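Below, each chain spelled out in residue letters.
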Amino acid sequence: MPHQSHRRSSTSIVSARRLSGQHVNPEVSELTLLKEEPHTGDHFLSPAQLEVVYRTNVKDGLTETFAQELLEHYGPNQLKQLKGNSYWKIFRHNLFGWFQCVLWAGAILNFIGFFFSEQIDSGSDSHGHSGKDYLYLGCVITATIVGTGLFGFYQEAKNMAVMSGFEKLVPPNATVIREGVKKIIPNNEVVLGDIVEMSGGEVVPADVRILTCTNFKTDMSSLTGESEPIVHRPECTNANPLESKNMVFFGCPITEGTAKGVVIATGELTQMGKIAGLVTGLEKEETPIAKEITHFIKLICCVAFTFGLLFFVMVYFIQHSWLAALQYMLGIILANVPEGLIVTLTVCMTLSANQLKKKNCLAKTLQAVETLGSTSCICSDKTGTLTENQMNVSHLFCDFTIYDKNDHAHVSDHAYATLSLAASLNLKATFAHDTLKLPIEKQRIIGDASESAILRYMEINRSATQTREENPTEAEIPFSSAYKYQITIHRMKATQSYYLIMKGAPEIVIEFCTKILTDKEDQTMTPQAKKELKANFIKLANMGERVIGYCDYKLPIDNYPLGYKFDTQQRNFPVENLRFLGAISMIDPPRRDIDKSIALCRQAGIKVIMVTGDHPVTALAISKQCGTITQPTAYDYAFEHHIDLSDVPTHIKQQFRAAVITGDELRKMSVNDLKMAQKKFDEITFARTSPQQKLIIVETYQALSHVVAVTGDGVNDSPALKKADIGIAMGITGTEVSKQAADMILLDDNFASIVLGIQEGRRIFDNLKKTIAYTLTSNTPEMLPFVVYACLGMPLPMTLILILVINVGTDLLPAMSLAYETSEQDIMSIPPRKPTDHLVNNVLIFMAYFQIGLIQFFAGMYAYFIIFAQSGFFPSTLFFIRKEWESPTVTVKDTLGRLWYFADRKRVERKAQTAYFVAICWTQVSDSRPERCQSTNCIACIDFSALDNNRHFIACNGVSRATVNARRLVTVLAFNLN
């Protein structure tokens, strides 16, 4: 290989691996390197220097032999495949999650109990339940895990669209010059130093330094977030390679023009390749609900094994049989395993996912539903999420006056009408033929965003299409970044003469003018008038709007008769001494009612941070209109005092509570500096950010204990989408890369849908808390019968089969009815829950086990004693008769002195167990709160949602259809089982 002495840093990943491999994990070091900002210096080099660095020739290109050597050394020009969740991974997660593993352990314990039931029964004097009870319970738990796992897999798998990702950004072929011959080769064979030719309609084949170009524009929105096409030139315009106009990057569409350049990076070393490497290498944080379920499992296991071990010791000392103690410990542990809870959790989140889909939020995983409700910080992209992603005319400026686009009172004024005529004529954009029958607002326009906005506005207000047809274009000088203006010459129908119109950057256009159009008469362009015009341009620019200036010249018919041949190369027509008409400003406007949605987020205690690639002034203007920034910033101070931002004193900057932080400022900040800024400023907008910087912003907020949601639609957003607690991609404008990296997709690209999703997520958390509290209350009445049976020697009040029926039968419908609970009225008025605010905490455990659970146990024992008393066994007679009661050969005497044989007393025992079972089920049903009470003075109810916060919600003991059906099911099951 020839020596390459001045290789750029973007190709240093290979060497970085060698350097870091001695002490650091290579994968970690590579990921750290990918997070760094690009430091290439190729945009500073001259063509001659580029020839030396890349061993190429700008005229003849590489030789075929050298190109083949480079291809073998650096590999093909292709990107990593973005790995999404595989079906096997989703299936494994749904069958072997934390909760599922606990249930698997319970099922295994039951199967162990079944296989060793004969040894347990032969070594013990008790026969509380048979081996079949263990077998049935183990089979049902297994069926529950598999059933809910398959259901959860189906729900998640159907939302996992099979998207190919980055490879769709790669063009199939590229035009290169090798050995002086132009040829088309497969794009994956493009190598460093190749001289490539590009033209409109194609895609940039690699990272390319432009050598020559003509009206060359690329759409870099997916990479940088810049909403407007970038007009390129061969000269370096910025120290940042992403900002320099002589650089184009892999995968960016070319909107128009032609260019020739040298390839400086291929494959994974391109900017797009680095993003692909970041997305592939980043690990997703555990979701809040997953953390809560893990915490819940730990609590339940702690409670179950604590009670189980205590009971094991207690029974061993009473009965002196470790087999009997083991049997009872197994019953206690199994009584604490909520077999049916996984069903209700899956159903609850599935119902919520379906509700979110109706609100245009497609959750790719069930856990993502609740994560959105836990969000405390939203890092939102601007274009397409907060804004409409469509440039619209905002203001018209003429006769030294700024008019709103909706102010039609002056359309007949001379200056206003002339400006509108010029804007209608000087256009390249056209309506697409296939949408002409649609309303103007919905018609598709072929052309760049600015011209499309002007055409749509003028078509609605001035019939621009008809005007253009009546006054055809005779000559045109297209826009160029070199001179920043565009000229068209039209043959006017009304005057039968030629009309010249120039449009471009307003500060450039006015330099060609000697007069100013007003409603009364033309005014001379004096220095004072020029200063006033520029002040109005700055005013519009400070509103975040893009301004285009217009001027005209009526060509004298004596010098330019009809049929005159205009030569745009020689310019045989005047471009000086023109008349300034005015200006039109455009902006990608905020979405309708976006300010209300963001205000609702503020009310809910959620930070909304705009992170965009746009200019800071534009970002600030949109932030103010959307409501993400409501306080003054240093930019406002600079605008008011007509000074540059750099001239604002430091002590003045320190006084503001809102800030706009640019990408250049971020590069100079350490992680601690960024954390301090995020803590100091109440409102922040990040502008001109790179993909790596977006990722750092997200990681910093996560380090400050925020649950971060990120919205985005471009490839540049995908690393942040992957790293966020919940990534939200745009369904309409979003790239497939961003959709694959995200956890949720907004089907309508509307920020308001996120707010609805947050409300739904908070409702889920509240309802899950109610469901879990409801389910856990039956653990105490299921567990204490074994205590009574073993310690007090009484007939067993409840069998394992009845426990099974409660957990996966009668409890399910009331528990699932809680999933239909609507959200509380003030759910969006409270701050996001803290990480310490757990789904299941000590207060809930105490209430479930020692308050409601004991009430249910006493209710069951009351029914149990009543049935025995009706048959002659008063409570005092039932104590310490277990040994005689379980012996088939012994008769037992009741309180009245009657003798009971084994079969007869077992029949009474089954009736008592039925009574205990029915009492538990009825008290369980009465604990559920399926309907909201309409009376503010109702106190005859229990509401689990008030367990963990200061809110108290009134509920009534009215019942829903689900509860009525549950009560019917209780009675039918009880008497069929016994």
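These figures come from a predicted structure and were not determined experimentally.

What counts as what
Residues numbered from 1 in each chain as written. Predicted model: local features only at pLDDT ≥ 70, side-chain atom pairs only at ≥ 80, totals over all residues. Heavy atoms only, no water. Helix = DSSP H or I, 4+ residues; strand = E, 2+ residues; numbered from the N terminus. Buried < 20%, exposed > 50% of the residue type's maximum accessible area, 1.4 Å probe, protein only. Contact = heavy atoms within 4.5 Å. Areas by Shrake-Rupley, 256 points an atom, 1.4 Å probe, with all protein chains shown as cover. Salt bridge = Lys/Arg side-chain N within 4 Å of Asp/Glu carboxyl O. Axes fitted to C-alpha atoms, helices over the stretch in contact; angles between N-to-C directions. Parallel < 35°, antiparallel > 145°, perpendicular 65-115°, else oblique. Left-handed = near helix turned anticlockwise from the far one by under 90°. Nonpolar A, V, L, I, M, F, W, Y, C, P; charged D, E, K, R; others polar. Pairing = 2+ DSSP bridges. 1 Å grid on protein atoms, 1.4 Å probe; cavity = no way out; pocket = protein on both sides within 12 Å on 5 of 7 lines; lining within 4 Å. Points joined across faces, edges and corners; volume = space filled by probe spheres on them. pLDDT = per-residue confidence, 0-100. Patch = residues over 30% accessible without salt bridge, like charges linked within 9 Å, V, L, I, M, F, W, Y side chains within 5 Å. Core = buried A, V, L, I, M, F, W, Y, C linked by side-chain atoms within 4.5 Å. Polar contact = N/O pair within 3.5 Å; in protein donor to acceptor, adjacent residues only side chain to side chain. Phe/Tyr/Trp six-rings, centres within 6.5 Å; stacked < 30°, edge-to-face > 60°.

Visitor: For this particular structure, what's the right way to read the overall build of the chain?
Guide: A tally of regular secondary structure across the chain gives 38 helices and 28 strands. When burial is assessed residue by residue, the chain has 56% of its 978 residues classed as buried. If you take every contact in the chain between residues at least 6 apart in sequence, the share linking residues at least 24 apart comes to 73%. With the model as given, the accessible surface of the chain reaches about 41100 Å², and the carbon-plus-sulfur share is 57%.

Visitor: It is not clear to me how the pattern of salt bridges should be interpreted in this structure. Could you clarify?
Guide: Side chains that differ in charge, positive against negative, can pair when their charged atoms come close. As enumerated under the stated definition, the model contains 27 salt bridges in all. Where K596 meets D593, a salt bridge forms, and the shortest distance between an N and an O atom there is 3.7 Å. Taking the relative accessible area as the measure of exposure, D593 reaches 39% and is therefore partly exposed. Across the pair D904 and R907 runs a salt bridge whose closest N-O atoms are separated by 3.2 Å. In this pair, D904 and R907 both sit in helix α37 (residues 902-927), three residues apart, roughly one turn of the helix. Given the relative accessible area of 42%, R907 is considered partly exposed. Bridged by salt links that share partners, the residues E64, R178, K183 and D194 form one connected network.

Visitor: Would you explain the packing of helix α32 (residues 800-810) against α37 in this entry?
Guide: Between two packed helices, both the angle of their axes relative to each other and the distance between the axes serve to describe the pair. In the contact formed by α32 and α37, the axes pass within 11 Å of each other and the chain directions differ by 25 degrees. Viewed along their axes, α32 and α37 adopt a mutual orientation that is roughly parallel. Handedness of the crossing formed by α32 with α37: right-handed. Judged by residue contacts, L802, V805, I806 and T810 of α32 engage Q913, F917, I920 and C921 from α37. A class-by-class count of the residues in the contact of α32 with α37 yields six nonpolar, two polar and no charged.

Visitor: Hey, could you run me through the sheet that holds strand β26 (residues 744-746) in this one?
Guide: Sheet strands line up and pair through hydrogen bonds in the backbone, either parallel or antiparallel. Taken in spatial order, the eight strands of this open sheet run β8-β26-β25-β24-β9-β21-β23-β22, and their pairing is mixed. A single partner strand is all that each edge strand has here, and the edge strands are β8 (361-363) and β22 (658-662). Strand-to-strand twist of the sheet, defined as the mean angle between neighbouring strand axes without regard to direction, takes the value 20 degrees. In this structure, strand β24 (residues 708-712) lies alongside strand β25 (residues 726-730), joined through four bridges in parallel fashion. Along β25, the bridge assignment pairs G712 with A729.

Visitor: Could you clarify how one ought to interpret empty space enclosed by the protein in this entry?
Guide: Regions of empty space are outlined by a rolling probe, equal in size to a water molecule, passed over the atoms. Under the defined criterion, the tally for this structure stands at three cavities of 30 Å³ or more. Here the largest cavity defines a volume of roughly 60 Å³. Those elements that provide at least two residues to the lining of the largest cavity are β9 (377-380), α27 (691-703) and β24.

Visitor: So what exactly am I meant to see when it comes to unusual backbone geometry here?
Guide: Excluding glycine, a negative phi dihedral is what most residues carry, and trans is how most peptide bonds are arranged. The residue F400 is not glycine, and still its phi comes out positive at about 60 degrees. The residue F880 is not glycine, and still its phi comes out positive at about 60 degrees. Here F880 lies in the loop between α35 (875-878) and α36 (882-885).

Visitor: In this structure, what is going on with the environment of A276? I would like to understand it.
Guide: With respect to the helices, strands and loops of the structure, A276 is situated in helix α10 (residues 271-281). Residues A276 and L79, spaced 197 residues apart in sequence, show a C-alpha to C-alpha distance of 6.9 Å.

Visitor: Explain the confidence of the model for the chain to me, please; I cannot follow it from the model alone.
Guide: Detailed conclusions should not be drawn from predicted coordinates in areas where pLDDT is low. Summary statistics for the chain give a mean pLDDT of 82 and a share of 86% for residues scoring 70 or more. Per-element mean pLDDT across the chain ranges from 33 in helix α1 (residues 13-20) up to 95 in strand β16 (residues 497-504). In the model, residues 1-28 has pLDDT below 50 throughout and makes 39 contacts with residues more than four positions away in sequence or in other chains. Predicted confidence is poor over residues 123-127, with pLDDT under 50, and the contacts of this stretch with residues over four places away or in other chains come to 15 contacts.

Visitor: Would you mind going over a nonpolar patch on the surface with me for this structure?
Guide: A cluster of nonpolar residues, V313, Y316, F317, W322 and L326, forms a patch on the protein surface that exposes about 520 Å² of accessible area. Contributions of two or more residues to the nonpolar patch are made by α11 (288-319) and α12 (322-336). Tallying contributions element by element places α11 first for the nonpolar patch, with three residues. By secondary structure assignment, the location of V313 is in helix α11. Of the residues examined, V313 reaches a relative accessible area of 42% and is grouped as partly exposed.

Visitor: What should I look at first to understand the nonpolar core in this one?
Guide: Considering soluble globular proteins, one finds that nonpolar side chains tend to be buried as a cluster. Counting residues in each nonpolar core, the largest one holds 123 residues, and the members touching the most others are F99, F296 and F751. In terms of residue count, helix α34 (residues 842-870) provides more of this core than any other element does, twelve residues in total. Discounting chain neighbours no more than four positions away, the residues touching F296 are F99, P338, L341, I772, L776 and V840. Core analysis: the second largest hydrophobic core is formed by 60 residues, V196, M220, A677 and A720 among them.

Visitor: When you look at the side chain of N246 in this model, what are you seeing that I'm missing?
Guide: Among the structural elements, N246 can be located in the loop between β5 (230-231) and β6 (247-248). By relative accessible area, N246 is classed as buried at 0%. In terms of polar contacts, N246 uses its side chain to reach the backbone carbonyl oxygen of H43, at 3.0 Å. Within the local environment of N246, its side chain forms a polar contact with the backbone oxygen of P234, the two atoms lying 3.5 Å apart. Residues in contact with N246, not counting those within four places in the same chain, are H43, V208, R209, I210, R233, P234, E235 and C236.

Visitor: It is not clear to me how the packing of aromatic side chains should be interpreted in this structure. Could you clarify?
Guide: The geometry of an aromatic ring pair comes down to the distance between the two centres and the angle between the two planes. Under the criterion given, the structure shown has 23 aromatic pairs. When the ring of Y498 is compared with that of F566, the centres are 5.0 Å apart and the planes differ by 85 degrees; the resulting orientation is edge-to-face. Highlighted residues: Y498 in strand β16 and F566 in the loop between β19 (546-554) and β20 (578-587), separated in sequence by 68 residues. As far as the burial class goes, Y498 and F566 line up, both buried.

Visitor: Sorry, what's going on with helix α22 (residues 616-626) here?
Guide: The buried fraction of α22 is high, at nine of eleven residues. Where α22 is concerned, the buried positions are P616, V617, T618, A619, L620, A621, I622, S623 and C626. A positive phi of about 100 degrees marks G627, the residue just after α22.

Visitor: Would you take a moment to explain the packing of helix α21 (residues 594-603) against helix α30 (residues 751-776) for this structure?
Guide: Contact pair α21 / α30: the axes reach a minimum separation of 9 Å and the direction vectors enclose 30 degrees. Between α21 and α30, the interaxial angle falls into the category roughly parallel. Crossing of α21 against α30: the hand is left-handed. Between α21 and α30, the residues in contact are I594, S597, I598, L600 and C601 and F751, A752 and V755, respectively. Tallied by class, residues from the contact of α21 with α30 come to seven nonpolar, one polar and no charged.

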